[in-house]
Amino acid sequence: MQAALTAFFMLLFSLLSLLGIAANGFIVLVLGREWLRYGRLLPLDMILISLGASRFCLQLVGTVHNFYYSAQKVEYSGGLGRQFFHLHWHFLNSATFWFCSWLSVLFCVKIANITHPTFLWLKWRFPGWVPWLLLGSVLISFIITLLFFWVNYPAYQEFLIRKFSVNMTYKWNTRIETYYFPSLKLVIWSIPFSVFLVSIMLLINSLRRHTQRMQHNGYSLQDPSTQAHTRALKSLISFLILYALSFLSLIIDATKFISMQNDFYWPWQIAVYLCISVHPFILIFSNLKLRSVFSQLLLLARGFWVA
């Protein structure tokens, strides 16, 4: 029975991974084609293609890693391949978190009706900052990855040149991963998560004030501004649920509470990668350009099967 459940969750994880890879790849291909055709992208499209690319790579790396170590029966806490996997995994996760935060900020500055001079200045300036913010996010993620590598260097050094004894390396590696890494990851990932939350709170407050003003003046709540607020909030709140689940999953995962030998490992991996796989579909259906291309593909697929 236990083997059957494990096989079921592995199959579910595989399907979720394939959906995530396909959806993120679709976003990258559509916007990449637009970039090649016109030589430029809108700020929103820049963030979406960056987010799609990072998630595509993250999902691919995570899937290969999980099945490779499951097939090889390698102890999860050791091995050179696992160490280098985590370098890629930390880099892609950090970049993805920052890209998600900039997406929420862009929604906020485009839609929120806030008259504070600082917000108006940000509303005017932020779209032009997007390329530099994306580049800065990649740079910050790279520096953070190097920090993890530097702190865990003795473990890598032992694998590469066999300078330290196995016991000494194992104790050092276990100590820093148990006490240092989880707290450092919590601090690092909390920064973009806080930016994301602030953006959503500002947008909710803007919608509340706009609704009160419309009701006071006797106007309909179906005006374009209210509808834009509502659409953005629906997208961001669904994103918030997935984002918060992903954030908590990564923090718990950093504590190594659930290892690969644990019976709940595969269900836990589904929770960890759920946002990466599901949120791209929310982005596709909430974006007119992506939704149009996706609808055309569905029509072509239907025509192919009917023929």
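Structural data are supplied above this passage.
Residues numbered from 1 in each chain as written. Predicted model: local features only at pLDDT ≥ 70, side-chain atom pairs only at ≥ 80, totals over all residues. Heavy atoms only, no water.

Engineer: Can you help me understand the overall build of the chain in this one?
Structural biologist: Looking only at helices and strands, one finds 10 helices and 0 strands in the chain. Each helix (α) and strand (β) of the chain, taken in turn from the N terminus, gives the series α-α-α-α-α-α-α-α-α-α. Across the 307 residues of the chain, 44% fall into the buried class. Restricting to contacts in the chain with at least 6 residues of sequence separation, those with at least 24 account for 78%. In the structure as shown, the chain presents an accessible area of about 16,700 Å², 72% of it carried by carbon and sulfur atoms. (Helix = DSSP H or I, 4+ residues; strand = E, 2+ residues; numbered from the N terminus. Buried < 20%, exposed > 50% of the residue type's maximum accessible area, 1.4 Å probe, protein only. Contact = heavy atoms within 4.5 Å. Areas by Shrake-Rupley, 256 points an atom, 1.4 Å probe, with all protein chains shown as cover.)

Engineer: Would you mind showing me how to read the packing of aromatic side chains here?
Structural biologist: Between two aromatic rings, the relevant description is the distance of the centres plus the angle of the planes. On inspection of all chains with the given rule, the structure shows 10 aromatic pairs. Between Phe13 and Tyr273, the aromatic rings sit 5.8 Å apart at their centres with planes inclined by 70 degrees, giving edge-to-face as the arrangement. Of this pair, Phe13 sits in helix 1 (residues 2-38) while Tyr273 is found in the loop between helix 8 (265-272) and helix 9 (274-286), placing the two residues 260 residues apart along the sequence. Judged on exposure class, the residue Phe13 and its partner Tyr273 are both buried. Aromatic side chains Phe285 and Phe294 sit 5.4 Å apart centroid to centroid with 85 degrees between the ring planes, which places their arrangement in the edge-to-face category. Among the residues examined, Phe285 registers a relative accessible area of 44% and is labelled partly exposed. Aromatic ring contacts, followed pair by pair, group Phe13, Phe67, Trp266 and Tyr273 into a single cluster. (Phe/Tyr/Trp six-rings, centres within 6.5 Å; stacked < 30°, edge-to-face > 60°.)

Engineer: I would appreciate a short explanation of helix 8 in the present structure.
Structural biologist: Side chains three or four residues apart in an α-helix point the same way, a direct result of the helix having 3.6 residues per turn. Among the 8 residues of helix 8, 7 are classified as buried, and the element is accordingly described as predominantly covered. Buried within helix 8 are the following residues: Tyr265, Trp266, Trp268, Gln269, Ile270, Ala271 and Val272.

Engineer: Just checking my understanding: could you explain the nonpolar core for this structure?
Structural biologist: The nonpolar side chains of soluble globular proteins are, as a tendency, buried together. Core analysis: the largest hydrophobic core is formed by 61 residues, its most contacted members being Leu48, Leu103 and Leu290. Of all the elements, helix 3 (residues 80-111) adds the most residues to this core, at 16 residues. In this structure, Leu103 is in contact with Leu44, Ile47, Leu48, Leu51, Phe239, His279 and Leu283, ignoring residues within four places of it in sequence. (Core = buried A, V, L, I, M, F, W, Y, C linked by side-chain atoms within 4.5 Å.)

Engineer: What's the story with the packing of helix 1 against helix 9 in this structure? I'm lost.
Structural biologist: A pair of packed helices is captured by two measures, namely the crossing angle of their axes and the spacing between those axes. Where helix 1 contacts helix 9, the axes come no closer than 8 Å and their chain directions differ by 40 degrees. When the interaxial angle is binned, helix 1 and helix 9 end up oblique. Taken as a pair, helix 1 and helix 9 cross one another with a handedness that is left-handed. Where helix 1 approaches helix 9, its residues Leu16, Ser17, Leu19, Gly20, Ala23, Asn24, Phe26 and Ile27 are matched on the opposing element by Leu274, Ile276, Ser277, Val278, Pro280, Phe281, Leu283 and Ile284. Looking at side-chain class alone, the contact of helix 1 with helix 9 contains 12 nonpolar, 4 polar and no charged residues. (Axes fitted to C-alpha atoms, helices over the stretch in contact; angles between N-to-C directions. Parallel < 35°, antiparallel > 145°, perpendicular 65-115°, else oblique. Left-handed = near helix turned anticlockwise from the far one by under 90°. Nonpolar A, V, L, I, M, F, W, Y, C, P; charged D, E, K, R; others polar.)

Engineer: Hey, could you run me through the packing of helix 1 against helix 8 in this one?
Structural biologist: Two elements in contact, helix 1 and helix 8, have axes whose closest approach is 8 Å; the angle formed by their N-to-C orientations is 20 degrees. Accordingly, the angle class assigned to the pair helix 1 and helix 8 is roughly parallel. Of the two elements, helix 1 crosses helix 8, and the hand of that crossing is left-handed. The residues of helix 8 that touch helix 1, namely those facing Thr6, Phe9, Met10, Leu12, Phe13 and Leu16, are Trp266, Pro267, Gln269 and Ile270.

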